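Single-letter residue listing:
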Amino acid sequence: MSSFEKQQKAIDLSHHLSKVALARETSPLKGLARYFGRPGLITLAGGTPSPDYFPFAAISGDALVPESFAVSTSHSESSLSWLWKLFGGSSKEKTSPITIPKFSEHAGDVNLATALQYGTATGLPQLSKFINDFVGKIYQPGYSDWTTLVQTGNTDGWSRVVLTLCNPGEAFITEDWTYPSALASSQPYGIHPVGVPMDSEGMRSDALRKLLSEWDESARGCKRPHVMYTIPVGQNPTGVTMNVPRKKEIYDICVEYDIIIVEDDPYYFLQMGSYVPKFERASQASSVDSAKWLGSLSPSYVKLDYQGRVIRLDTFSKTIAPGARLGFFTCNPRIAERLERAGETSSQAPCGFGQSLIAQLLTTWQFEGYVRWLQGLSVQYKVRRDFLIDSLAEEFHLRMSLGTAGSRAGCIVYTASGRPRRDAEMTEKFASNDKPYFSFVPPSAGMFIWLKMHFENVQGFRAGDEDTLEMKLWTKLAEAGVLIGPGRYFNAEDEDLGTAEGHFRISFSFASDTELKKAAVIFAKVLRDFFENPQ
């Protein structure tokens, strides 16, 4: 559809609502909110403290400027403003002050009297307006009556969605490897995942169609799923990103089988493109303007959504700060209204401190400033990814090849084998080792590298070991000072993968360069010893 005027409204998808969602009514006290703001209204109905008794006259902070991080990978600073260091010679971060007063001087300004008071589940008006404008410009939903609603981060968002759409005993579709907290939040309610195999772009459309067309309710013990949970960009844990044709294929299948798509997209702005080996990277050092950068990002499912069957989950956890506990839904108005009812009797609204600080930050930066900040972040994570892979290349022999089968078909795969020992007299047997320890596909977005372990090359390996080699190795790494994510945590259906198969998720988002390099050294030593003697 070429223009907003030609877009249609969302279709009626209320038959997807759970029994709990249908039973929810407007909270009696929250229902009074429609009268708030009337001129001259004297409010005696609620137990709202007077803002005179709030112990904060104002909240102030020094916010980094949007240009704090370079948009070229030739500048690898990770915490200081490259621009200000370049021209000012100062190591101090460039900031601008923001202040939120208790009472606003101008109508419509963010203020603590409102932000710290009991509020509605829709959040601060200033924040909601920014989010709506942002979604319209960036994601460009494909139907006319879409709306947004704040929540307290995507884990809370998914928890609220799954109870709004699913009844106990039902199943939902997801990738066969996925975010553990999404699995854990549904499990107590008897709502279980059904994994779909992935390839280099994430969930396979052919496997999805096969699953749905061949669904046997009696064998599966539940009716065919009508909800899908997916992480299409920087898929957690694999790091793959889905392109537009694949999204269209999956969307069309979901229309055919009447499935709601829940698009969890925390890494959308951490898209970083392909990994380039260090010796080839100098020619890659270039920057693009913000408009071109935005145009290079894989579009959201909501842009393809002409029926209102996508619920998009966004969070500020990866772009501003996870402690803010703030995110938002983008979805059709009927589902948003039910999510609002669920919110007003649970979390009510996200914390007023976090809302007010982020609202003031974003309205100070404005749209262009926030986009510039996001672009700088994407470059920083690209540099971090490259540095960790470079560090692994220094400790292991990495052989590059083209994947030919399974989830890695068509992918550039790096396979790691041992380098000669440095620290002891070597026997000919262990002077070098060309048997693979692990392999991986460099992530195109996100914060993680997903390793596949080649445990079949462990010395004396025998099928049927009581304890999995994955957990044995994980324990040895943790005791040596490196903590990583065991692959079994991400297995959607908790199937027995066999002792020879294992995975680990390694994050490059937090540790310093020095720590990442040290971790690679420890990882190499522990793996070499483990593959020689796993006991």
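It should be emphasised that the depicted structure is a prediction, and the values quoted were computed from it without experimental measurement.

Colleague: Tell me about helix α9 (residues 244-256), and name the residues and values.
Modeller: Taking 1.5 Å of rise per residue, 13 residues should cover 18 Å, and α9 covers 18 Å from first to last C-alpha, within 8% of that figure. Within α9, the full set of buried residues consists of R246, K247, I250, Y251, I253 and C254. Projected onto a plane normal to the axis of α9, the buried residues spread over an arc of 160 degrees and lie on a single side. N-capping of α9 is provided by N243, with a side-chain oxygen placed 3.1 Å from the backbone N of R246.

Colleague: If you had to explain the nonpolar core to someone new, which residues and values would you point to?
Modeller: Core analysis: the largest hydrophobic core is formed by 107 residues, its most contacted members being F134, F396, F438 and F523. The leading source of residues in this core is helix α13 (residues 352-395), at 15 residues. Not counting the four nearest positions on each side in its chain, F523 is found in contact with L392, F396, F438, L451, L477, I484 and I506. Judged by nonpolar contacts, the second largest core, of 25 residues, contains L149, W158, V161 and Y229.

Colleague: Before we move on, can you summarise helix α5 (residues 154-165) with the specific residues and values?
Modeller: Compared with an ideal rise of 1.5 Å per residue, which puts twelve residues at 16 Å, α5 spans 16 Å between its outermost C-alpha atoms and is within 8% of the ideal. All buried positions along α5 are accounted for by N154, G157, W158, R160, V161, V162, T164 and L165.

Colleague: Quick one: what's the story with the pattern of salt bridges, residue by residue and with numbers?
Modeller: A pair can form between side chains of opposite charge whenever their charged atoms are brought close. Considering all chains together, one arrives at 22 salt bridges under this definition. R312 is paired through a salt bridge with D265; the nearest N and O atoms lie 2.8 Å apart. Of the two residues, R312 sits in strand β10 (residues 310-315) while D265 sits in the loop between β9 (260-264) and α10 (290-296), which places them 47 residues apart along the sequence. With respect to burial, R312 and D265 carry one shared label: buried. Ionic pairing is found between R338 and E337, a salt bridge with its closest N-O pair at 2.7 Å. Residue classification places R338 among the buried residues on the basis of a relative accessible area of 7%. Through salt bridges with shared partners, a single ionic network connects R334, E337, R338, E340, R341 and E344.

Colleague: Can you explain the pairing of strand β11 (residues 327-331)? Please cite residues and give values.
Modeller: Counting buried residues in β11 gives five out of five residues, a clear majority hidden from the surface. The side-chain alternation of β11 yields two buried faces, one formed by G327, F329 and C331 and the other by F328 and T330. Pairing of strand β3 (residues 147-151) with β11, which is carried by five bridges, proceeds in the antiparallel orientation. Within β11, the residue paired with L149 across the bridge is F329. As paired elements, β10 and β11 share four bridges and run antiparallel to each other. When the sheet's bridge partners are listed, R312 is paired in β11 with T330.

Definitions and cut-offs
Residues numbered from 1 in each chain as written. Predicted model: local features only at pLDDT ≥ 70, side-chain atom pairs only at ≥ 80, totals over all residues. Heavy atoms only, no water. Helix = DSSP H or I, 4+ residues; strand = E, 2+ residues; numbered from the N terminus. Expected span 1.5 Å × (residues − 1). Buried < 20%, exposed > 50% of the residue type's maximum accessible area, 1.4 Å probe, protein only. Arc of directions from axis to C-beta. Polar contact = N/O pair within 3.5 Å; in protein donor to acceptor, adjacent residues only side chain to side chain. Core = buried A, V, L, I, M, F, W, Y, C linked by side-chain atoms within 4.5 Å. Contact = heavy atoms within 4.5 Å. Salt bridge = Lys/Arg side-chain N within 4 Å of Asp/Glu carboxyl O. Pairing = 2+ DSSP bridges.

So, to be careful, I would describe these as geometric facts and stop short of saying anything about function.
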